[in-house]
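Structural description and commentary
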Amino acid sequence: MLNFVVISGSGRPQSESARVGEYIRQRLIDLQLSDDSNCSLIDLGTSPLPLWPERNDGLWHDYATRLQAANALIVITPEWHGMASPALKNLFILASKEELAHKPALLVGVSSGLGGSYPISELRSSSFKNNRLCYIPEQLIVRHVNSMLHPDPVIDDNDRRLRPRIDYALGVLGHYATALRTVQAAVDMSNSEFANGM
Ligand SMILES: Cc1cc2nc3c(=O)[nH]c(=O)nc-3n(C[C@H](O)[C@H](O)[C@H](O)COP(=O)(O)O)c2cc1C
C-alpha cells in the first residue's frame, strides 16, 4: 500500500485548494492506490506553519513525520497574482531532503478563472534544488475551480474531462512512487559534499 501526502498550499481557511485536495485524497482511496490511514491532507490554510524563522515545533514535527512516511506527494497551489502561494514556499524552506529526497510529486494549479499555470512553472523552476523533490511530467490545472469537482451532478464538459485526467495522473504518480523507491534506497544522501544541489 502506497503512502501519499496531499499538500494544499493555500493560506486561506476553507480554500478551494483544500477542497480540491480532499477530492484528490478521496480519489486515491477510491482508486485503491492508498487507504484512509496512508493518505493524509496537509492544509496550510486551516493548520498554517508560522513564517520561517518563527517556529511551531509541534506542528512541523507532525508534518515532517507524515512527509517522511510518504512515497509520493500531491502539491496543490492556488495562483495568487501569478505566483505560487507563500505558505507553500514557506513549507519548502522548512522541508529538506530528510523528508522529500527523490520522492515523486504531482503539481496541481488552482484558479477561480483561467490561470493556474504560472505557479506550476514557478515551483518546477525553484522549489526542489536542495530537497530533491521530483516533480513528474504530468500536472493538473483546475480552472474555474469554484464550479468544479463538486459531488454530483457533473456540471459541464470541463468538469467531465478533468475527472478522468485526475485519475490518470494519480495512477501515473503511483507508478513513479513504486519505481522511485529503488532510487531512494540507492542514493547516498549523507554525502556532505553534495548536501545541497547546484
Ligand atoms: C490575493 C489573491 C490573488 C489572486 N490572484 C490570482 C491570479 O493571479 N490568477 C488567478 O487565476 N487567480 C487569482 N486569484 C484567485 C484564486 O484563483 C482563487 O482564490 C482560487 O479559489 C484559489 O485560491 P484558494 O485555494 O485560496 O481558494 C487570487 C486570489 C487571491 C486571494
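Our subject is the structure that appears above.
Our subject in this report is the structure included herewith. Please read all numbers here as calculations on a predicted model, not as lab measurements.

Along the backbone of the protein chain there are six helices and five strands. Of the regular secondary structure in the protein chain, the N- to C-terminal order runs β-α-β-α-β-α-α-β-α-β-α. Over its C-alpha atoms the protein chain spans a radius of gyration of 16 Å, differing by no more than 12% from the 16 Å that the globule rule assigns to 198 residues. For the protein chain, the residues scored as buried account for 38% of the 198 residues in total.

Taken across its five residues, strand β1 (residues 4-8) has five buried, putting it largely inside the fold. Side chains of β1 alternate between two faces, with Phe4, Val6 and Ser8 and Val5 and Ile7 buried alike. Bridging between β1 and strand β2 (residues 39-43) involves five bridges; their strand directions are parallel. Considered in β2, the bridge of Phe4 is made with Cys39. Of the crossover connections in this fold, the one passing from β1 over helix α1 (residues 16-30) to the parallel β2 is right-handed. Bridging between β1 and strand β3 (residues 72-78) involves five bridges; their strand directions are parallel. Counterpart to Ile7 in the pairing with β3 is Val75.

Now for the site of the ligand. With respect to spatial proximity, 16 residues lie near the ligand, and among them Ser10, Ser17, Pro78, Ser111 and Gly115 are the closest. Looking at side-chain class alone, the shell around the ligand contains four nonpolar, nine polar and three charged residues.

In an α-helix, one turn spans 3.6 residues, which is why side chains three or four residues apart end up on the same side. For α1, spanning 15 residues, the distance from its first C-alpha to its last is 21 Å, which sits close to the expected 21 Å at 1.5 Å a residue. Taken residue by residue, α1 has Glu16, Ser17, Ala18, Arg19, Val20, Gly21, Ile24, Arg25 and Leu28 as its buried positions. Buried residues in α1 make contact with β1, β2, β3, β4 (104-110), β5 (134-142) and α6 (157-186). At the exit of α1 stands Gln32, carrying a positive phi of roughly 60 degrees.

What follows covers α6. With 30 residues, α6 ought to run about 44 Å at 1.5 Å a step, and its terminal C-alpha atoms sit 44 Å apart, in line with that. Its maximal kink placed at Ala179, α6 deviates by approximately 30 degrees. Within α6 the residues assigned to the buried category are Ile166, Ala169, Leu170, Leu173, Gly174, Tyr176 and Ala177. In this fold, the buried residues of α6 make contact with α1, β3, β4 and β5.

This paragraph deals with the nonpolar core. Grouped together as the largest cluster of nonpolar side chains are 46 residues, with contacts concentrated most on Ile7, Ile74, Val75 and Val108. Examining the composition of this core, we find that six residues originate from one element, α6, more than from any other. Residues contacting Ile7, with those up to four places away along its chain left out, are Ile42, Leu73, Ile74, Val75, Ile76 and Leu91.

The subject of this paragraph is unusual backbone geometry. A cis amide bond links Trp52 with the next residue in sequence, Pro53, at an omega value of 10 degrees. By the element assignment, Pro53 lies in the loop between β2 and α2 (57-69). The residue Gln32 is not glycine, and still its phi comes out positive at about 60 degrees. Its identity as a non-glycine residue notwithstanding, His144 has a phi of 50 degrees, on the positive side. Relative to the helices and strands, His144 resides in the loop between β5 and α6. For His144, a count of 16 C-beta atoms within 10 Å corresponds to the partly exposed category.

Here is what the cut-offs are and how they apply
- Residues numbered from 1 in each chain as written.
- Predicted model: local features only at pLDDT ≥ 70, side-chain atom pairs only at ≥ 80, totals over all residues.
- Helix = DSSP H or I, 4+ residues; strand = E, 2+ residues; numbered from the N terminus.
- Rg over C-alpha atoms; globule rule 2.2 N^0.38 Å.
- Buried ≥ 20, exposed ≤ 12 C-beta atoms within 10 Å, placed from the backbone.
- Pairing = 2+ DSSP bridges.
- Right-handed = clockwise from strand over helix to strand, strands pointing away.
- Near = placed C-beta within 6 Å.
- Nonpolar A, V, L, I, M, F, W, Y, C, P; charged D, E, K, R; others polar.
- Expected span 1.5 Å × (residues − 1).
- Contact = placed C-beta atoms within 7 Å.
- Bend = angle between axes of the 7 residues up to and from the residue.
- Core = buried A, V, L, I, M, F, W, Y, C linked by C-beta atoms within 7 Å.

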